[in-house]
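Structure assessment
Here are the chains, one letter per residue:
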Amino acid sequence: MAEKLSALFSKSGLRQILMFASLFLLFAFFSLASPNFLTYENVIAILLATCVNGLLALGVTFVIITGGIDLSIGTVMTISSVMSGVFITFWKLPVFVGVLGGILTGVLAGFINGTVISKMKLPPFIATLGMMMIAKGLALVVSGCKPIYFNDAPIFNKIAMGSILGSIFPGLGEFPNAILWFILFIIIAHIILTRTALGRYTFAIGSNEEAARLSGLNVDKWKTIIYALCGMFVGIAGVIMASRLNSAQPALGQGYELDAIAAVVIGGTSLRGGEGSIIGTVIGALIMSTLTNGLRILSVPQEWQIVVSGIIIIGAVYLDIIRRSREV
């Protein structure tokens, strides 16, 4: 009991409480500003909008804790959804093969990112910027610059937009499966980060890479694994996105990486590495989705929504810098 209270009131615990309070205040503000905000349908819409960005943010949380960055997650998500379309629509393979193919495409891209960064010693910013362009180009080439529709495989759409929970509990109405998938992968990511050797090595590399290397840790190998793990979450996001839209959109994706990284930073993960949490990332993703949804309901023009998001990101990074400087 004493240990749980100590963890709750640690610096990390207090930060998460403050972030949750910020999310609550956002909800309260928009609820008072518009009667259309706090409705069941709109809350479900916020959760659904959080799923794809949240999955991307889960993956990139691991990378940022190591002190790295992955700018390719948006377009790798796109090529993952396009490859699912190729397997299911073009090659007429079973849906589960298409899902697996999409996820493995993300893993492969992450593995290449990790290998280039750890073996060729390219800065993560440059390596993943290159992958971002490669994935964007390949998505257009493979799809022929046209959307790929899944009309011949209606079950694919059910992966994200079906409602298993709604069929069990009719009172819930339409509760999209995508939200359930998101919750499942939040739990998986949290367990990996807090209960496994991979999670411990992620923090060790981010805290002091050279010290981790001198202590006998194969830093190159584990960095590659961490980027591949990030790719897995990105591939899952690609499948969920394609299922939700019932199509693979090859021009979609670029810009998603900034929203995901913003969610991670707002959630308290330090861009300098060595610090972060899955719970914080989830709250950060919910803050981004709530803000976007609320501003849209208030009919704030989209260009001003982007301005507000940018200001929040700068504020979050600045607060991280101040916090770090006080800890030195």
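Residues numbered from 1 in each chain as written. Predicted model: local features only at pLDDT ≥ 70, side-chain atom pairs only at ≥ 80, totals over all residues. Heavy atoms only, no water.

Per an unreviewed UniProt entry, the recorded name for the protein is Ribose transport system permease protein RbsC, and the organism is Dictyoglomus thermophilum. Under the heading Subcellular location (unreviewed entry), UniProt records this for the protein: "Cell membrane". (UniProt positions renumbered as here; feature names shortened; annotations may be inferred.)

Let us now look at the overall build of the protein. When its secondary structure is counted, the protein shows 15 helices and 2 strands. The C-alpha atoms of the protein give a radius of gyration of 20 Å, which matches the 20 Å a tight globule of 328 residues would have. Taken along its principal axes, the extent of the C-alpha atoms in the protein is 55 × 50 × 40 Å. The proportion of buried residues among the 328 residues of the protein is 50%. Nonlocal contacts in the protein, meaning residues at least 24 apart in sequence, comprise 77% of its contacts between residues at least 6 apart. Surface summary for the protein: the accessible area is close to 15,800 Å², and the carbon and sulfur share equals 72%. With 20 positive and 14 negative side-chain charges, the protein shows a spacing of 4 Å between the two charge centroids. (Helix = DSSP H or I, 4+ residues; strand = E, 2+ residues; numbered from the N terminus. Rg over C-alpha atoms; globule rule 2.2 N^0.38 Å. Buried < 20%, exposed > 50% of the residue type's maximum accessible area, 1.4 Å probe, protein only. Contact = heavy atoms within 4.5 Å. Areas by Shrake-Rupley, 256 points an atom, 1.4 Å probe, with all protein chains shown as cover. Lys, Arg positive; Asp, Glu negative; His and termini not counted. Charge placed at Lys NZ, Arg CZ, Asp CG, Glu CD.)

Under the counting rule described, the total for this entry stands at 9 aromatic pairs. Between the aromatic rings of Phe30 and Phe37, the centroid separation amounts to 5.5 Å while the plane-to-plane angle is 40 degrees, which identifies the pairing as tilted. With relative accessibility at 3%, the residue Phe30 sits in the buried group. Ring centres 5.3 Å apart and planes at 70 degrees place the aromatic pair Phe87 and Trp91 in the edge-to-face group. Residue class for Trp91 comes out exposed when judged on its relative accessible area of 52%. One aromatic cluster is present, formed by Phe27, Phe29, Phe30 and Phe37 through successive ring pairs. (Phe/Tyr/Trp six-rings, centres within 6.5 Å; stacked < 30°, edge-to-face > 60°.)

The next point concerns the environment of Met232. Along the chain, Met232 turns up in helix 12 (residues 219-245). The partly exposed category is assigned to Met232, whose relative accessible area is 24%. In this structure, the C-alpha to C-alpha distance between Met232 and Arg15, residues 217 residues apart in sequence, is 28 Å. Excluding residues that lie within four positions of it along the chain, Met232 makes contacts with Ile103, Gly106 and Val107.

A few words on helix 14 (residues 278-297). With 20 residues, helix 14 ought to run about 28 Å at 1.5 Å a step, and its terminal C-alpha atoms sit 28 Å apart, in line with that. With a side-chain oxygen lying 3.0 Å from the backbone nitrogen of Gly280, the N-terminal cap of helix 14 falls on Ser277. (Expected span 1.5 Å × (residues − 1). Polar contact = N/O pair within 3.5 Å; in protein donor to acceptor, adjacent residues only side chain to side chain.)

The next thing to look at is the packing of helix 5 (residues 95-119) against helix 6 (residues 124-143). Close contact between helix 5 and helix 6 brings their axes to 9 Å; oriented N to C, the two are set at 145 degrees. As helix 5 runs across helix 6, the sense of the crossing is right-handed. Contacts from Ala109, Ile112, Asn113, Val116 and Ile117 in helix 5 reach Pro124, Ala127, Thr128 and Met131 in helix 6. Looking at the contact of helix 5 with helix 6 residue by residue, the class counts come to 7 nonpolar, 2 polar and no charged. (Axes fitted to C-alpha atoms, helices over the stretch in contact; angles between N-to-C directions. Left-handed = near helix turned anticlockwise from the far one by under 90°. Nonpolar A, V, L, I, M, F, W, Y, C, P; charged D, E, K, R; others polar.)

Time to look at the nonpolar core. Counting 89 residues, the largest nonpolar core has Leu55, Leu58, Val60, Phe62, Phe156, Phe233 and Ile278 as its most contacted members. When near neighbours in sequence (up to four residues on either side) are disregarded, Phe233 contacts Leu55, Leu58, Gly59, Phe62, Phe185 and Ala189. (Core = buried A, V, L, I, M, F, W, Y, C linked by side-chain atoms within 4.5 Å.)

Here we take up the packing of helix 3 (residues 40-65) against helix 9 (residues 177-195). Interaxial distance between helix 3 and helix 9 falls to 9 Å at its minimum, and their mutual angle equals 20 degrees. Relative to helix 9, the element helix 3 is oriented roughly parallel. Crossing geometry of helix 3 relative to helix 9 is assigned as left-handed. Where helix 3 approaches helix 9, its residues Ile44, Leu47, Leu48, Thr50, Cys51, Gly54, Leu55, Leu58, Phe62 and Ile65 are matched on the opposing element by Ala178, Ile179, Phe182, Phe185, Ile186, Ala189, Ile192 and Leu193. The residue inventory of the contact of helix 3 with helix 9, partitioned by class, reads 16 nonpolar, 2 polar and no charged. (Parallel < 35°, antiparallel > 145°, perpendicular 65-115°, else oblique.)

Evaluated as defined, the whole model comprises 6 salt bridges. For Asp220, the salt bridge identified is with Lys121, shortest N-O distance 3.4 Å. With Asp220 in helix 12 and Lys121 in the loop between helix 5 and helix 6, this pair connects stretches of sequence that are 99 residues apart. Residue Asp220 is classed as buried on the basis of its relative accessible area, which comes to 14%. Its salt-bridge partner being Arg213, residue Glu210 comes within 3.8 Å of it at the nearest N-O pair. A residue pair is termed a helical-turn pair when its members lie 3 or 4 positions apart in one helix, as Glu210 and Arg213 do in helix 11 (residues 209-214) at 3 residues. Residue classification places Glu210 among the partly exposed positions, given a relative accessible area of 44%. When its relative accessible area of 30% is taken as the criterion, Arg213 is described as partly exposed. Overlapping salt bridges, with partners in common, bring together Lys121, Glu209, Glu210, Arg213, Asp220 and Lys223 in one network. (Salt bridge = Lys/Arg side-chain N within 4 Å of Asp/Glu carboxyl O.)

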